[in-house]
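If you want the building blocks of each chain, they are given just below.
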Amino acid sequence: MKPIQESVGKKPLLGWLIFLVTLVAVFLLGLLASSIMERRAESVFAYTPQVKHNQWEPRNEVWGENFPREFQSYYETSDTSFRSKYNGSAMIDMLEVDPRLVVLWAGYGFSKEYNQGRGHYYAVEDVRNILRTGGPKDENDGPMPATCWTCKGPDVPRLMNEIGVAEFYKGKWAGKGHEVVNPIGCADCHDAETMNLRVSRPALIEAFERQGKDITKASHQEMRSLVCAQCHVEYYFDKKRVKGANYLTFPWDKGTSAEAMEEYYDEIEFSDWTHQLSKAPMLKAQHPGYEIYMKGIHADRGVSCADCHMPYKSEGGQKFTDHHIQSPLNNVANSCQVCHREETDKLIQNVYTRQDQIIENRDKLEELLVRAHVEAAKAWELGAAESEMKSVSMNIRHAQWRWDYAAASHGGSFHAPTEIGRVISTGIVSAQEARISLARIFAKYGFNDEVAYPDIATKAKAQKFIGLDMDKLNQEKADFMKTLVPEWEKKAKERESTYEVKM
């Protein structure tokens with residue numbers, strides 16, 4: 001082999017070629033080194049605190065000074081443009097979509113207004129606007145208790161720390177409207193010193209304790225679901241635990257299945273309201289997303305809520321959790337396709353197929369429940385005795401609880417489709433048993449005609465059927481938004497101006 005000097009001497013172009021290749025290689029290595037140094041610098045900068053604040057700082061933008069990437073992605077929850085086949089981030093008037101719900105909730109606040117929830121960014125705004133919270137005129141007025149603020153933002157753990165948990169649960173919803181003004185955010189889920197995940201709501205800790213479990217032993221991966229389980233669960237207000245307080249409690253003492261929680265409620269004779277038509281003692285499922293998720297294949301495989309709804313992303317030298325909490329269907333590449341290799345359209349269709357199949361049977365149960373409520377009202381009109389109606393009422397209660405357990409969990413038809421399908425089927429059985437008992441009562445009282453199904457083709461018709469004065473309710477809400485809400489915001493601004501933040 002000839003020495004390189006001799007080869008270059010005979011072929012000068014070869015020398016220039018070697019020189020250029022070397023120059024390019026050095027340039028590329030320089031770029032690589034620069035990129036590495038830049039990313040390391042970004043990494044150091046990202047975790048260098050810019051401000052110092054305590055655990056009870058409720059303003060998300062203050063936390064965002066130290067974690068700008070997470071904060072920026074969190075604020076994307078304000079985007080309401082995504083709409084899937086059934087839900088999404090847009091506000092949807094669910095009573096208009098399905099007017100049967102008005103009859104199912106007759107006598108309860110949900111018959112006034114029920115909207116598909118928007119992102120966490122709107123938590124405070126949406127609960128102020130919804131007709132269910134009424135149009136209170138002062139801090140002691142209105143239909144809802146203060147406990148209804150519990151999941152709406154980081155002002156809640158701040159206030160619980162200041163006045164105590166039981167005291168927070170006392171009083172009317174309007175009494176704490178000036179205190180809860182920051183929407184769901186950083187302090188709800190993170191420790192201010194370490195940024196580790198933390199549970200800030202006592203109800204979840206107390207539910208674990210009653211089951212003999214120590215929530216502090218949970219792994220980081222488990223915490224990526226448990227911080228969600230603070231709010232995305234079934235709960236009720238225990239009026240007996242502390243005098244004068246609507247103490248928020250999870251009914252998990254016997255388990256988290258539909259039947260176990262139903263048994264718990266039956267045993268303590270709890271009901272959320274008495275149905276306006278059937279007079280049945282009803283249960284309103286809140287949003288048992290965590291309970292149903294735990295019965296699905298993803299939980300069984302160790303996949304957390306955050307893995308799908310808040311997947312990891314990378315920017316510069318940083319890998320971090322995307323705080324744009326949303327449907328995985330709007331982020332399939334970073335959620336589903338991390339594990340599943342199917343095409344996006346195929347994965348989305350898999351979800352829709354499960355939803356279609358579940359909702360087909362859920363709709364049938366809704367129809368049976370409307371008929372059962374209306375027929376029960378007829379039985380009372382005919383003079384049926386309470387002893388005759390007891391089993392009817394319990395079957396209606398159990399059937400609607402199962403329907404609501406499936407419907408209120410939102411993503412339940414995907415999280416655990418076999419469990420949801422099973423629960424709905426048992427609800428259909430209970431509804432039919434109620435109607436069979438009603439048929440016998442009709443025969444006893446000499447009524448042999450069919451009870452007419454009401455004309456509830458629209459939300460307005462359904463609300464008129466149950467006797468709601470929507471003009472009055474809307475006017476009360478408008479007056480409240482015009483008079484009381486500005487006072488809340490003024491008081492909140494004055495209070496927050498006294499908070500200390502160290503630069």
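Above this text sits the structure in question.
Below: a short report on this structure. (Residues numbered from 1 in each chain as written. Predicted model: local features only at pLDDT ≥ 70, side-chain atom pairs only at ≥ 80, totals over all residues. Heavy atoms only, no water.)

The next thing to look at is helix α8 (residues 155-163). If you check which residues of α8 are buried, you get Asp 155, Val 156, Pro 157, Arg 158, Leu 159 and Met 160. On its buried side, α8 packs onto α9 (165-168), α10 (186-189), α11 (202-210) and α22 (470-496). A positive backbone phi angle near 100° is found at Gly 164, which sits one or two residues after α8. (Buried < 20%, exposed > 50% of the residue type's maximum accessible area, 1.4 Å probe, protein only. Helix = DSSP H or I, 4+ residues; strand = E, 2+ residues; numbered from the N terminus. Contact = heavy atoms within 4.5 Å.)

Applying the stated rule across the entire model yields 35 salt bridges. With a shortest N-O distance of 3.1 Å, Lys 52 and Glu 193 are connected by a salt bridge. With Lys 52 in the loop between α2 (12-46) and α3 (60-64) and Glu 193 in the loop between α10 and α11, this pair connects stretches of sequence that are 141 residues apart. Judged by relative accessible area, which is 46%, Lys 52 ranks as partly exposed. Close ionic contact of Glu 167 with Lys 170 constitutes a salt bridge, the shortest N to O distance being 3.6 Å. Note on Lys 170: relative accessible area 27%, which makes it partly exposed. (Salt bridge = Lys/Arg side-chain N within 4 Å of Asp/Glu carboxyl O.)

With that settled, consider the packing of aromatic side chains. We describe a pair of aromatic rings using the distance from one ring centre to the other and the angle between the two ring planes. If you walk through the whole model with that rule in mind, you get 30 aromatic pairs. Note on Phe 110 and Tyr 114: the rings are 5.5 Å apart at their centroids and 55° apart in plane angle, and the pair reads as tilted. In terms of burial, Phe 110 and Tyr 114 fall into one category: buried. Considering the side-chain rings of Tyr 169 and Tyr 247, the 4.7 Å spacing of their centres and the 70° angle between planes classify their relative orientation as edge-to-face. A residue pair is termed long-range when its members are at least 10 positions apart, and Tyr 169 in the loop between α9 and α10 and Tyr 247 in strand β2 (residues 247-249) qualify at 78 residues. The exposure class of Tyr 169 is buried, given its relative accessible area of 0%. Accessibility expressed as a relative area gives 6% for Tyr 247, which makes it buried. Through pairs of rings, three or more aromatic residues link up here, namely Trp 105, Tyr 108, Phe 110, Tyr 114, Trp 273 and Trp 403. The lysine or arginine in question, Arg 132, covers the ring of Phe 110, its NZ or CZ lying 3.8 Å from the ring centre. The residue whose ring lies beneath Lys 213 is Phe 208, and the NZ or CZ to ring-centre distance is 5.7 Å. (Phe/Tyr/Trp six-rings, centres within 6.5 Å; stacked < 30°, edge-to-face > 60°. Lys NZ or Arg CZ within 6 Å of the ring centre and 35° of its normal.)

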